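Read off the chains here:
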Amino acid sequence: MEATSLLRLLSVTSLLSCTTDQARLTLSPSSSQFFKDDFVSLSCEEDDSSAGWTLRRNTTRETRTQCGADWGTSAGSSCKINYVLPWYSGVYWCESREGATSQSINITVSGGAVILQSPVLPVMEGENITLICRTQTSSDLPADFYKHGSLIIDRPTGHVTILHVSKADEGVYRCNIRGHGESPPSWISVTEKPTTTAPPTTSAPPPEPTTASSAASPPNSAPLQQVFTVVRYLVVFCPYVISTVLMVSLYRHRPTGNHLSVSMVMTPPTHAEQGLDDDHDDVTTEHQF
């Protein structure tokens, strides 16, 4: 039953923590657990006093009840409880007339003999926290400390300090004092450290190069680039130039069209030449007979 109630209160706490903080709830003494009949004072530290902040709570018996109705004494934005009772365990927060809420806190009132004093508000990453296991009469008895039900350390002094907390240290803690009993569980919340952006640093302009540094600087690469450009053009255009020269040379040395026509054209014979041909034919004929 107690575990179910704790889970229910933690759920309400997570819902309330999603609201916009316009007031901050403080608790004195600053602890998440109290003994029955302890004195507790809660206060809403306001950014806007005209908002009319009041203290409210959710318990296993009541929902959204206001300080001064049937519990506590209201004094402006503060609430004093002279004698807390076990059923006062629950979620407390500040609320304005417009419905804005502050960050909530979870208070546990124990009717037993042992409580665990731990931070009631979330702890920032990198901070140190101290857990104190105590009875109503002593806070330096040997105690065992547990996280999520597993023993993490035993201390003869009754308190332990966790250095440079991180998100890995977040969880449910409790303690046990042999011969006296065990404390109720407490949830310790760790918030991530906000990242801050460093302003840009202004640096002086680099000094002007001196004569010595100029002499040591690499030579100008402009001539090399020009040579590279000429070589590149030669490599690209040389094949075209060579092919053109070869074609011109072949064209000049091939037989021309006029010579071909002279060798092939035969002129008709004249009458005299025709007569001579006839005479030759006759002579040949006569020679054959």
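Described below are features of the structure shown in this document. Here the structure is a predicted model, which is why all the values come from computation and not from measurement.

## So, the environment of Gln103
1) Next: Position of Gln103 relative to the elements: it lies in the loop between strand E8 (90-95) and strand E9 (105-110).
2) Next: Residue Gln103 is classed as partly exposed on the basis of its relative accessible area, which comes to 28%.
3) Next: The spacing of Gln103 and Tyr92 is 11 residues in sequence and 8.8 Å in space, taken between C-alpha atoms.

## Observations concerning the environment of Pro142
1) Next: Secondary-structure assignment places Pro142 in the loop between strand E12 (129-134) and strand E13 (143-147).
2) Next: With 17 residues separating them along the chain, Pro142 and His159 place their C-alpha atoms 8.4 Å apart.
3) Next: Apart from residues no more than four positions distant in its own chain, Pro142 is found in contact with Arg155, Pro156, Asn176, Ile177 and Arg178.

## Concerning the sheet that holds strand E3 (residues 40-46)
1) Next: Strand order in the open sheet formed by four strands is E1-E3-E7-E6, with antiparallel pairing between adjacent strands. In this open sheet, the two strands that pair with only one neighbour each are strand E1 (23-28) and strand E6 (73-75). Neighbour-to-neighbour, the strand axes of the sheet open up by a mean angle of 20°, direction not taken into account.

## Overview of empty space enclosed by the protein
1) Next: Applying the stated criterion across every chain yields a total of one cavity of 30 Å³ or more.
2) Next: In terms of lining residues, the largest cavity is bounded by Phe34, Val40, Ile81, Val84, Tyr88, Tyr92, Ile107 and Val109.
3) Next: Within the lining of the largest cavity, the residues separate by chemical class into eight nonpolar, no polar and no charged.

## Details of the packing of aromatic side chains
1) Next: Following the criterion strictly, the structure yields two aromatic pairs and no others.
2) Next: Here the aromatic rings of Trp71 and Tyr92 are separated by 5.8 Å at their centres, their planes lie at 85°, and the arrangement is edge-to-face. One end of the pair, Trp71, is in the loop between strand E5 (65-66) and E6; the other, Tyr92, is in strand E8, with 21 residues separating them in the sequence. Here Trp71 and Tyr92 have matching classes, each one buried.
3) Next: For the pair Trp87 and Tyr88, a centre-to-centre distance of 4.8 Å together with 90° between the ring planes defines the contact as edge-to-face.
4) Next: When its relative accessible area of 9% is taken as the criterion, Tyr88 is described as buried.
5) Next: One Lys or Arg, Arg174, reaches over the ring of Tyr146 and ends 4.3 Å from the middle of that ring.

## Points about the sheet that holds E8
1) Next: Ordered by their spatial adjacency, five strands build an open sheet running E2-E9-E8-E4-E5, and the pairing between neighbours is mixed. Of all the strands in the sheet, just strand E2 (33-35) and E5 have a single pairing partner and so form its edges.
2) Next: Note: E8 against E9, three bridges, orientation antiparallel. Across the sheet, Val91 pairs through a bridge with Asn106, a residue of E9.

## Let's talk about the pairing of strand E16 (residues 171-177)
1) Next: By the criterion of burial, E16 is predominantly enclosed, with six of the seven residues buried.
2) Next: Bridge analysis of E13 against E16 gives four bridges, and the strand direction is antiparallel. Paired with Phe145 across the two strands is Cys175, which belongs to E16.
3) Next: Note: E16 against strand E17 (residues 181-182), two bridges, orientation antiparallel. Bridge pairing in E17 places Ile177 opposite Gly181.
4) Next: Once E16 ends, the chain turns through three residues before running back antiparallel as E17, passing Gly179 with a positive phi of about 85°.

## Quick look at the nonpolar core
1) Next: Counting 22 residues, the largest nonpolar core has Leu27, Leu42, Leu55, Trp71, Tyr92, Ile105 and Ile107 as the members making the most contacts within it.
2) Next: Looking at this core, the elements with two or more residues in it are E1, E3, strand E7 (78-81), E8 and E9.
3) Next: The contacts of Leu42, once residues within four sequence positions are left out, are Leu25, Thr26, Leu27, Leu55, Ser78, Cys79, Ile81, Tyr92, Ile105 and Ile107.
4) Next: In terms of nonpolar packing, the next biggest core, distinct from the first, is built from 16 residues, Phe145, Ile162, Ile177 and Ile188 among them.

Rules and cut-offs
Per chain, residue numbering runs from 1 following the sequence as it is written. At least 70 in pLDDT is required for a residue's local features to be given in this predicted model, at least 80 for side-chain atom pairs to be given and counted, and no such filter applies to totals for whole chains, interfaces and linings, which use all residues. Working from all heavy atoms in the structure, the side-chain values ignore hydrogens and water. Put simply, DSSP H or I for four residues or longer makes a helix, DSSP E for two residues or longer makes a strand, and each gets a number counted from the N terminus. Buried means the residue's accessible area, taken with a 1.4 Å probe over protein chains only, is under 20% of the maximum for its type, while exposed means over 50%, and partly exposed covers the values in between. Only heavy atoms enter the contact rule, under which two residues are in contact if any of them lie within 4.5 Å. Any two strands are treated as partners once DSSP identifies two or more bridges connecting them. Between the N-to-C directions of two axes lies an angle of 0 to 180 degrees, each axis being a line fitted to C-alpha atoms and, for a helix, fitted only over the stretch in contact. Throughout, the protein atoms alone are placed on a 1 Å grid, and a set of points is a cavity if a 1.4 Å probe fits but cannot get out or a pocket if it is open with protein on both sides within 12 Å along at least five of seven lines; lining residues have an atom within 4 Å of a point. Grid points are joined across faces, edges and corners, and a volume is the space filled by probe spheres set on the points. Polar here means any residue outside two lists: the nonpolar Ala, Val, Leu, Ile, Met, Phe, Trp, Tyr, Cys and Pro, and the charged Asp, Glu, Lys and Arg; Gly therefore counts as polar. By convention, a stacked pair of Phe, Tyr or Trp rings (six-membered ring in the case of Trp) has centres within 6.5 Å and planes under 30 degrees apart, an edge-to-face pair has planes over 60 apart, and any other such pair is tilted. Here, a charge over a ring is recorded when the distance from Lys NZ or Arg CZ to the ring centre is within 6 Å and its angle to the ring normal is within 35 degrees. The set of buried Ala, Val, Leu, Ile, Met, Phe, Trp, Tyr and Cys residues whose side-chain atoms join them within 4.5 Å is what this entry labels a nonpolar core.

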